[in-house]
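# Descriptive structure summary
Okay, here's what each chain looks like letter by letter:
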Amino acid sequence: MRSNASHYDLIAPATLDAVLEILAAEPGHYTPIAGGTEIMVALGAGRLAQKNLVSINQIKELRFIETTPSQLIIGSGTTFTDIRNSAIIQSDFPLLTQAASWTGSIANQNRGTLGGNIVNGSPAADSPPALLAYEATLTLISTRGTRQMPYADFHLGYKKTALAPDELIQSITLKRIFTGYIPYARKVGTRNAQAISKVAIAALALIQDDTLEDIRIGAASLRDRPSRLTATERTLRGQTITQDTIVTLISQARATLTTEAHPIDDIRSTAKYRAAVAANLLEEFLHSLMNP
Amino acid sequence: MTQITFTINKEKKTVEAPPMKRLLDVLREDLHLTGAKEGCGEGECGSCSVLLNGELVNSCLIPALQAEGATITTIEGIAPLAAPDQKLHPIQQCFLEKGGAQCGICTPGMILATHHLLEKYPQPTLLQIQEGLAGNLCRCTGYTRIFEAVQSAASQSNP
Ligand SMILES: Cc1cc2nc3c(=O)[nH]c(=O)nc-3n(C[C@H](O)[C@H](O)[C@H](O)COP(=O)(O)OP(=O)(O)OC[C@H]3O[C@@H](n4cnc5c(N)ncnc54)[C@H](O)[C@@H]3O)c2cc1C
Ligand code: FES
Ligand code: FES
């Protein structure tokens, strides 16, 4: 049953400071709404528990992409369309452009924000694997000030995050250190547009003289939260990757992935299918490194 | 109730509505603009598509208050975008001619999505058309005739 909109309140302060004051006055009383592509679906389905909402969609201070020589800072209110349109993200962080391009339809990308995707905390969300591979840092803001934390520490469990009730994500920072890295991204779902993934992987590798100098693998739907496959990375890091070693390397990597992935059965897929497909994606990624 | 003012199809309007009321319901119930349809009510089907500040959006996912100050175009306002006293926009004409509309439920959304697409890619490839319309579901046409209508509209506006 759809909710009755008149049972809900929504306010739209003009400035970031005013929003933070409202969140601080009675922490937990107000819930932010950015693009609304999660919140409004919950409202439509009659399962939006929060009755008091504060819009942050109109706050210009949260919607920006700023580039310095060493880093890229993305405002939390940046939409997926903004991300797709950014030449610098395309060149330095192609995994993020890729993730934005398959986050729902064009209409969804015009509204949905990076901050909303992160805070919603779905283990199947599309941008987290890329942000994990790039080792993003979050800046959180409240009337108490700002604090930074590695994005890898943000998700605490299924839809549980380190965000305090009076805080917003202000921005996401990425270091521009990935020149020479080979990207790999693949989302497996029922269709490209609109479908939430069954499994997805966003990965990066740096190869020098046939050695895997560095490797980072972000994954969706393999745990109760977006996750990085650190054990699998350790198995691979520093190894020689050539025609002679690849078969052994793949079997070692598949075995490790199987031990560290804990997928679930749900309406979209089964745990068994997810684990098998994730291992196949990893194999495809490693093969792609042989002929970059 | 909150007063919300926006420009819709070039006319300034003020409505009194609960701020979380869906823009789709404001359009249909308060303004009697019934071109935008409700298919799914959850962002999946695109039958509620409108242009908000020039961007294609699903009006079922927009709280009324977030439309404050915005410029909105619905299917009712699309023809005058081509010429002031035009009855049908060239895109609408092409949908008619190519059989791109059957029951018509998806059609307002398809036409607004096409308008948005052709602004970005005046000569879209089939793949760009498919991506541009991927958020708009049609139960009748099988899509082929819709793609033909879009291609025909593209070739007319850019001879
Ligand atoms: C049809 C459809 C298809 C979709 N497909 C995909 C898909 O393929 N992949 C995918 O990953 N997602 C998908 N989504 C989900 C959704 O679009 C994304 O999660 C989007 O990024 C949410 O952003 P938003 O701004 O719309 O969030 P909102 O609904 O505005 O907010 C979501 C949550 O984040 C909080 N929040 C938002 N911004 C901030 C902030 N700056 N600080 C603190 N808290 C904040 C809100 O309080 C709320 O809890 C889809 C949704 C729909 C309706
Ligand atoms: S009714 Fe809005 S997308 Fe289906
Ligand atoms: S014409 Fe009937 S849904 Fe498209």
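Residues numbered from 1 in each chain as written. Chains lettered and ligands numbered in written order. Predicted model: local features only at pLDDT ≥ 70, side-chain atom pairs only at ≥ 80, totals over all residues. Heavy atoms only, no water.

## Describing the overall build of chain B
Just so we agree on the cut-off: Only DSSP runs of H or I reaching four residues or more are called helices, and only runs of E reaching two or more are called strands; each is numbered from the N terminus. The criterion used for residue contact is that any of the two residues' heavy atoms lie within 4.5 Å. Shrake-Rupley sampling with a 1.4 Å probe provides the accessible areas, and residues are treated as covered by the protein chains on show and by no other component.
Within chain B one finds six helices and five strands. Listed N to C, the secondary structure of chain B is β-β-α-β-β-β-α-α-α-α-α in terms of helices and strands. Considered along the principal axes of its C-alpha atoms, chain B spans approximately 45 × 35 × 25 Å. Excluding contacts between residues fewer than 6 apart, the proportion of contacts in chain B whose partners are at least 24 apart in sequence is 52%. When the accessible surface of chain B is split by element, carbon and sulfur atoms take 50% of a total near 7000 Å².

## A look at unusual backbone geometry
Residues and elements named next belong to chain B. Quick reminder of the rule: A 1.4 Å probe rolled over the protein chains alone gives each residue an accessible area, and that area as a share of the maximum for its type sets the label: buried under 20%, exposed over 50%, partly exposed in between.
At Lys 10, a residue that is not glycine, the phi angle is positive and equals roughly 75°. With respect to the helices and strands, Lys 10 occurs in the loop between strand E1 (2–8) and strand E2 (11–17). The phi angle at His 32 is positive, at roughly 55°, despite the residue not being glycine. Since its relative accessible area comes to 62%, His 32 is described here as exposed.

## Some remarks on the interface of chain B and chain A
Our working definition: Buried area is calculated as the accessible area (1.4 Å probe) missing from two parts once they are joined, with the contributions of both summed. Whenever a carboxyl oxygen of Asp or Glu lies within 4 Å of a side-chain nitrogen of Lys or Arg, that contact is scored as a salt bridge. Pairs of N or O atoms are called polar contacts if they sit within 3.5 Å, as long as, within protein, a hydrogen donor faces a hydrogen acceptor (for residues adjacent in sequence, only side-chain-to-side-chain pairs). Residues are grouped as follows: nonpolar covers Ala, Val, Leu, Ile, Met, Phe, Trp, Tyr, Cys and Pro; charged covers Asp, Glu, Lys and Arg; every other residue, Gly included, is treated as polar.
Contact residues are listed per partner, giving 28 residues for chain B and 32 residues for chain A. Summing both sides of the interface, chain B and chain A together bury roughly 2300 Å²; the carbon and sulfur share of this comes to 58%. Looking at the side of chain B facing chain A, the largest losses of area belong to Met20(B), Leu61(B) and Gln66(B), adding up to 30% of the total buried there. Between Glu131(B) and Arg84(A) there is a salt bridge, with its nearest N and O atoms 2.9 Å apart. Here chain B and chain A share six residue pairs in polar contact (both at pLDDT 80 or more) between them. Taken together, the elements giving at least two residues each to the side of chain B that touches chain A come down to strand E4 (55–58), helix H4 (107–120) and helix H5 (126–132) of chain B. Looking at the side of chain B that touches chain A element by element, the count peaks at four residues for E4(B). Residue composition of the side of chain B that touches chain A, grouped by class: 13 nonpolar, six polar and nine charged.

## A word on the nonpolar core
The condition is simple: Residues enter a nonpolar core if they are buried and are Ala, Val, Leu, Ile, Met, Phe, Trp, Tyr or Cys, with the set joined through side-chain atoms within 4.5 Å.
By size, the foremost hydrophobic cluster in this structure holds 35 residues, and its most contacted members are Phe6(B), Met20(B) and Ile72(B). Secondary structure elements with two or more residues in this core: helix H2 (39–44) of chain A together with E1, E2, helix H1 (23–30) and strand E3 (49–52) of chain B. In terms of nonpolar packing, the next biggest core, distinct from the first, is built from 31 residues, Ile74(A), Phe93(A), Leu96(A) and Leu114(A) among them.

## Structural notes on the domain arrangement of chain B
Residue and element names in this part refer to chain B. Where we set the bar: All domain edges in this entry derive from an automatic or database-based domain assignment.
Entries for chain B in the domain assignment read domain 1 (2–77) and domain 2 (79–155). A separation of 20 Å is found between the C-alpha centroids of domain 1 and domain 2. Counting residues at the interface gives 18 residues for domain 1 and 15 residues for domain 2. Between domain 1 and domain 2, a total of about 1300 Å² is buried, with carbon and sulfur atoms accounting for 64% of that surface. Interface area lost by domain 1 to domain 2 is led by Leu 51, Leu 56 and Ile 75, which between them contribute 36%. Linking domain 1 with domain 2 are zero salt bridges, by the criterion used here.

## Examining the packing of helix H3 (residues 90–98) of chain B against helix H6 (residues 144–157) of chain B
Residue and element names in this part refer to chain B. Where we set the bar: Lines are fitted to the C-alpha atoms to define the axes, a helix being fitted only along its stretch in contact, and any angle between axes, read from their N-to-C directions, falls within 0 to 180 degrees. An angle below 35 degrees is read as roughly parallel, one above 145 as roughly antiparallel, one from 65 to 115 as roughly perpendicular, and any other as oblique. In this scheme the handedness of a crossing depends on how the near helix is turned from the far one: anticlockwise by less than a right angle means left-handed, clockwise means right-handed.
Viewed as axis vectors pointing N to C, H3 and H6 meet at an angle of 135°, and their least axial separation amounts to 8 Å. The pairing of H3 with H6 is recorded here as oblique in orientation. Pair H3 / H6 crosses with right-handed handedness. Side by side, H3 and H6 meet where Pro 90, Ile 91, Cys 94, Phe 95, Glu 97 and Lys 98 of the first sit next to Arg 145, Ile 146, Glu 148, Ala 149, Val 150, Ser 152, Ala 153 and Gln 156 of the second. Per-class residue counts for the contact of H3 with H6 are eight nonpolar, two polar and four charged.

## Focus: the layout of surface pockets
Stated formally: The rule is simple: put a 1 Å grid over the protein atoms alone, call a set of points where a 1.4 Å probe fits but cannot get out a cavity, call an open set with protein on both sides within 12 Å along at least five of seven lines a pocket, and count a residue as lining if it has an atom within 4 Å of a point. Grid points are joined across faces, edges and corners, and a volume is the space filled by probe spheres set on the points.
Of the pockets and cavities examined, the second largest pocket occupies roughly 510 Å³. Asn57(A), Gln58(A), Arg63(A), Arg111(A) and Asn53(B) are the residues nearest the centre of the second largest pocket, which is lined by 20 residues in total. Mapped by element, the contributors of at least two residues to the lining of the second largest pocket are helix H6 (106–111) of chain A together with E4 of chain B. Tallied by class, residues from the lining of the second largest pocket come to seven nonpolar, eight polar and five charged.

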